[in-house]
Amino acid sequence: MTATPARHKVVSREEWLKARIEHLAAEKEFTRRRDELSRQRRELPWEKVGKNYVFEGPRGPETLADLFAGRSQLIVYHFMLGPNWEEGCKCCSYLADHFDGTRIHLAHRDTRLAAVSRAPLPRIQAFQKRMGWGFHWVSSFGNDFNRDYGVSFTKEELAGEVNYNYHRIRFNSEEAPGVSVFYKDDAGGIFHTYSTYARGLDALVGTYHFLDLTPKGRDEDGLAFTMAWVRHHDKYDDGYELDPGASYEKPRETDACCRHEERP
């Protein structure tokens, strides 16, 4: 399951305490720098959202304004679940396993969390039921939301470089992960305040921060890609084996055509 043996230098209590106190100073400096970076993030300029995005939600059509659910702040997770995918991305699912516990706390800080995917709603709902999640999740099948916020690409675009995470790269999937943040003022105006992608999503993964406390850490250095060890939470078992050379593979596509399925 892991690549790194847990061997390390063993010292006396006095030496251990001296090293720990020295490292504490570095941790405190990191905390101060993180707080400053967060302050700078809050001071970034905003852009007004001009499009009237309409999503398909569990109770019918929902606009972007509806997703706020009465709050002034909205965090959207761009969940990788393509129109014909059999299941959601295992890495996005790893992140999403952390969402439900925070919803009540976000709501009491004037913030709503929602997920958006291009898959038709019935496919989203079937996968959400399988995973046992309760967070709000809507379909952008009928609009350009995912493309406009840099997380969906055409097969033709993938033949070359695409613009992801603010630079041109080669990418192997029509869907990509990301988070976008919005603010709604008292007049109903909606503003895009921030988006982040790739390693910018680390802050959402509580499991990683627990692992960072351990001797082996995330234990991903010997893997072909960082999340190669991750599985959907219903696919781990006692016989779990990891192929460190395995590359990322998007979920398989169904034989159904890419069309808007009717809600049950």
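Cut-offs and rules
Counting restarts for each chain, with residues numbered from 1 along the sequence as it is written. This being a predicted model, a pLDDT of at least 70 is required before a residue's local features are given, and a value of 80 or more before pairs of side-chain atoms are given or counted; all residues contribute to the totals for chains, interfaces and linings. Heavy atoms from the whole structure form the basis of all side-chain values; hydrogens and water molecules are not counted. In this text, helices come from DSSP runs of H or I with a minimum length of four residues, and strands from runs of E with a minimum of two, each type numbered from the N-terminal end. Type-normalised accessible area, obtained with a 1.4 Å probe on protein chains alone, sets the label of each residue: buried when under 20%, exposed when over 50%, and partly exposed for intermediate values. Contacts: residue pairs with any heavy atoms within 4.5 Å of one another. Only the protein chains shown count as cover for residues, and all accessible areas are computed by the Shrake-Rupley method using a 1.4 Å probe. Under this rule, positive means Lys or Arg and negative means Asp or Glu; His and the chain ends count for nothing. Charged side chains are reduced to one point each, which is NZ for Lys, CZ for Arg, CG for Asp and CD for Glu. Salt bridge, as applied in this entry: a Lys or Arg side-chain nitrogen positioned within 4 Å of an Asp or Glu carboxyl oxygen. N or O atoms closer than or at 3.5 Å make up a polar contact, with two conditions inside protein: a donor-capable atom paired with an acceptor-capable one, and, for residues adjacent in sequence, both atoms drawn from side chains. Strand pairing is assigned whenever DSSP detects at least two bridges linking the two strands.

Draft legend 1. View of the overall build of the protein. Of regular secondary structure, the protein possesses 8 helices and 10 strands. For the protein, buried positions account for 39% of its 264 residues. Looking at the protein alone, contacts between residues at least 24 apart form 63% of all its contacts between residues at least 6 apart. About 15,900 Å² of surface is accessible on the protein, with carbon and sulfur atoms providing 53% of the total. With 38 positive and 41 negative side-chain charges, the protein shows a separation of 3 Å between the mean positions of the two kinds.

Draft legend 2. Examining the pattern of salt bridges more closely. If you walk through the whole model with that rule in mind, you get 21 salt bridges. With a closest N to O distance of 3.6 Å, Lys 51 and Asp 144 form a salt bridge. Remark: Asp 144 occurs in the loop between strand E6 (136-139) and helix H6 (145-148) and Lys 51 occurs in the loop between strand E1 (47-48) and strand E2 (54-57); sequence separation between them is 93 residues. For Glu 253, the salt bridge goes to Lys 155, with nearest N and O atoms at 3.6 Å. Here Glu 253 is found in the segment after helix H8 (206-211), whereas its partner Lys 155 is found in helix H7 (residues 155-158), with 98 residues between them in sequence. Accessibility expressed as a relative area gives 33% for Glu 253, which makes it partly exposed. In this structure Lys 155 comes out as exposed when scored by relative accessible area, which is 53%.

Draft legend 3. Structural context of the environment of Arg 147. Among the structural elements, Arg 147 can be located in helix H6. C-alpha of Arg 147 to C-alpha of Glu 220: the two residues are 73 residues apart in sequence and 30 Å apart in space. Excluding residues within four positions of it along the chain, Arg 147 makes contact with Ser 152, Phe 153, Thr 154 and Glu 157. Among the polar contacts made by the side chain of Arg 147, one reaches the side chain of Glu 157 at a distance of 2.9 Å.

Draft legend 4. Molecular detail of the side chain of Glu 174. Tracing the backbone through its elements, the reader meets Glu 174 in the loop between strand E8 (167-170) and strand E9 (178-184). There is a polar contact of 3.1 Å between the side chain of Glu 174 and the side chain of Lys 155. Apart from residues lying up to four places away in sequence, Glu 174 is in contact with Trp 85, Arg 118, Val 151, Ser 152, Phe 153, Lys 155, Leu 158, Lys 250 and Glu 253.

Draft legend 5. Molecular detail of helix H5 (residues 121-131). Buried within H5 are the following residues: Leu 121, Pro 122, Arg 123, Ile 124, Phe 127, Gln 128 and Met 131. Buried positions along H5 lie against E2, helix H3 (90-96), strand E5 (111-117) and E6. Immediately beyond the C-terminal end of H5, within one or two residues, lies Gly 132, with a positive phi of roughly 75°.

Draft legend 6. Seen up close, the pairing of strand E4 (residues 73-78). Of the strand pairs in this sheet, E4 and E5 are connected by 6 bridges, and their pairing is parallel. Residue pairing for E5: Val 76 is matched across the bridge by Ala 114. Of the strand pairs in this sheet, E4 and E9 are connected by 6 bridges, and their pairing is antiparallel. Within E9, the residue paired with Ile 75 across the bridge is Val 181.

Draft legend 7. Looking closely at the pairing of E2. Bridge count for E2 against strand E3 (residues 60-63) is 4 bridges, and the pairing is antiparallel. Looking at the pairing, Val 54 lines up with Thr 63 of E3. In sequence, E2 turns back onto E3 through a hairpin of 2 residues.

Draft legend 8. How the structure looks around unusual backbone geometry. The phi dihedral of Ala 69 falls on the positive side, at around 50°, and the residue is not glycine. Looking at the element boundaries, Ala 69 is found in the loop between helix H2 (64-67) and E4. Ala 69 sits in the partly exposed class, given a relative accessible area of 35%. Even without a glycine there, the phi angle at Asp 219 is positive, about 55°. Tracing the backbone through its elements, the reader meets Asp 219 in the segment after H8.

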